[in-house]
Amino acid sequence: MKNILLVGGAGYVGGAVSDELCNKNFNIRIYDNLLYENTFLKKIEFIYGDIRDKRKLKIHLNWADIVIWMAAIVGDGACDVNKEDTIEINSKCVKWLSNNFDGKIIFFSTCSVYGAQNGILDENSQLNPLSLYAKTKLDAEKFLKNKNAIIFRLGTLFGVGDTYSRLRMDLVVNYLTMKAHFNRELTIFGGNQYRPLLHVKDVARAVRAAINVNRKGIYNLKFDNYKILDLANIIKKSFKSKIKIKKTKMMFQDTRNYKVSSNFFNKTFKFKPKYDIKYGVKQISELINSNRIKNFDDIRYTNQLYLKKYGTK
Ligand SMILES: NC(=O)c1ccc[n+]([C@@H]2O[C@H](COP(=O)([O-])OP(=O)(O)OC[C@H]3O[C@@H](n4cnc5c(N)ncnc54)[C@H](O)[C@@H]3O)[C@@H](O)[C@H]2O)c1
């Protein structure tokens, strides 16, 4: 049985990945500092630890055959809250990992490394990181270049990945679904910009596909590319009651606009993403209707707002 260490495995992606891998002939251990949480309740071995605590982390790296590295400060706004900590966590700790672990690594980068560009971008396209988040992820990719590492450049994720983990409402599909439900109005900045999107459970399926294959390299991962305005219309149509779409000028801070191809991963690993936008919207809507979350606007569901208040320690 392979030992798999999920670093940052208590987060949004970690929830889906740990569900996908447990009970599948792997020993799973999670290492996480619960940046946004007070508890970890899933019945999986859990180590409370910070990736900056190298002595502690090394003990668990020594145990692992495979490391799935998800710990990061995630999102453009969140990364700008404390830039020094972001560089330390997102880049320097990955450099340290590359010098201290020789097993298989699965690492999550972001399609944001492409910035704003025309055409369909593949793994060989020009890179144009516009934010500190994208820059630190690109640095981390470089540190892993000569390792036995699979690097996923993920599109923006959506949906519900598991029962236990913190939802992220700062992701465009989840956010717009919440606004449609509570405000009956979607405010779209610009609207013509493209974004690759992917259900969080499909990330977990891709990880599973990658685990047993003896390959390395960088792979884009997306379900499809959506124009934000088209996305708003899909969400609008998912609701029976009337939803208004209001367009405003593009926010200055977020100029990302790109379409990516994930043919390379899909062909190499015989992978097909399964979950579409409608499924993600349905999941979020069901969660809202179940009244199990008191306040979807709570800052704990938004990385940037939470870190602004509580910091990155
Ligand atoms: N969600 C997306 O849309 C998306 C898109 C592209 C890439 N990614 C990448 O996927 C990975 C997971 O993202 P997510 O959406 O689950 O984010 P998340 O914020 O939900 O989870 C990050 C996890 O890392 C942990 N963590 C943060 N700093 C840590 C530290 N110093 N020590 C130990 N643990 C720490 C947090 O406690 C949290 O459990 C990240 O690397 C992210 O860059 C996510």
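The present account deals with the structure reproduced in this document. (Residues numbered from 1 in each chain as written. Predicted model: local features only at pLDDT ≥ 70, side-chain atom pairs only at ≥ 80, totals over all residues.)

To continue, consider the sheet that holds strand 1 (residues 2-7). In any sheet, the strands associate via hydrogen bonds between backbone groups, in a parallel or an antiparallel arrangement. Read from one edge of the open sheet, 7 strands run 3-2-1-4-5-7-11, paired in parallel fashion. Of all strands in the sheet, those with a lone pairing partner are strand 3 (45-48) and strand 11 (217-221), marking the two edges. Pairwise comparison of adjacent strand axes, ignoring direction, gives a mean angle of 20° for this sheet. In terms of strand pairing, strand 1 meets strand 4 (residues 66-69) through 4 bridges, oriented parallel. In the sheet register, Leu-5 faces strand 4, and the bridge partner there is Val-67. (Pairing = 2+ DSSP bridges. Helix = DSSP H or I, 4+ residues; strand = E, 2+ residues; numbered from the N terminus. Axes fitted to C-alpha atoms, helices over the stretch in contact; angles between N-to-C directions.)

When two helices pack together, their arrangement is given by the angle between their axes and by how far apart the axes lie. Put simply, helix 4 (residues 83-100) and helix 5 (residues 132-143) touch, their axes get as near as 8 Å, and they point 10° apart. When the interaxial angle is binned, helix 4 and helix 5 end up roughly parallel. Between helix 4 and helix 5 lies a crossing of right-handed hand. Of the residues in helix 5, those in contact with Lys-83, Thr-86, Ile-87, Asn-90, Ser-91, Val-94, Lys-95 and Ser-98 of helix 4 are Leu-132, Thr-136, Lys-137, Asp-139, Ala-140 and Phe-143. (Parallel < 35°, antiparallel > 145°, perpendicular 65-115°, else oblique. Left-handed = near helix turned anticlockwise from the far one by under 90°. Contact = placed C-beta atoms within 7 Å.)

Ile-228, Leu-231, Ala-232 and Ile-235 are the residues of helix 8 (residues 228-237) that are buried. All buried residues of helix 8 lie within an arc of 100° about the axis, which places them on one face of the element. Those residues of helix 8 hidden inside the fold are in contact with helix 6 (172-183), strand 9 (185-189), strand 10 (194-199), strand 12 (224-227), strand 13 (244-248) and helix 10 (277-289). (Buried ≥ 20, exposed ≤ 12 C-beta atoms within 10 Å, placed from the backbone. Arc of directions from axis to C-beta.)

The next point concerns the packing of helix 6 against helix 10. Two numbers describe how helix 6 lies on helix 10: the axes approach to 10 Å, and their chain directions differ by 50°. The angle between the axes of helix 6 and helix 10 places the two elements in the oblique class. Every pair of crossing elements has a handedness; the one defined by helix 6 and helix 10 is right-handed. Each of Val-173, Asn-174, Thr-177, Met-178 and His-181 in helix 6 lies in contact with helix 10, whose residues at this interface are Ile-277, Gly-280, Val-281, Ile-284, Ser-285 and Ile-288. In terms of residue class, the contact of helix 6 with helix 10 is built from 6 nonpolar, 5 polar and no charged. (Nonpolar A, V, L, I, M, F, W, Y, C, P; charged D, E, K, R; others polar.)

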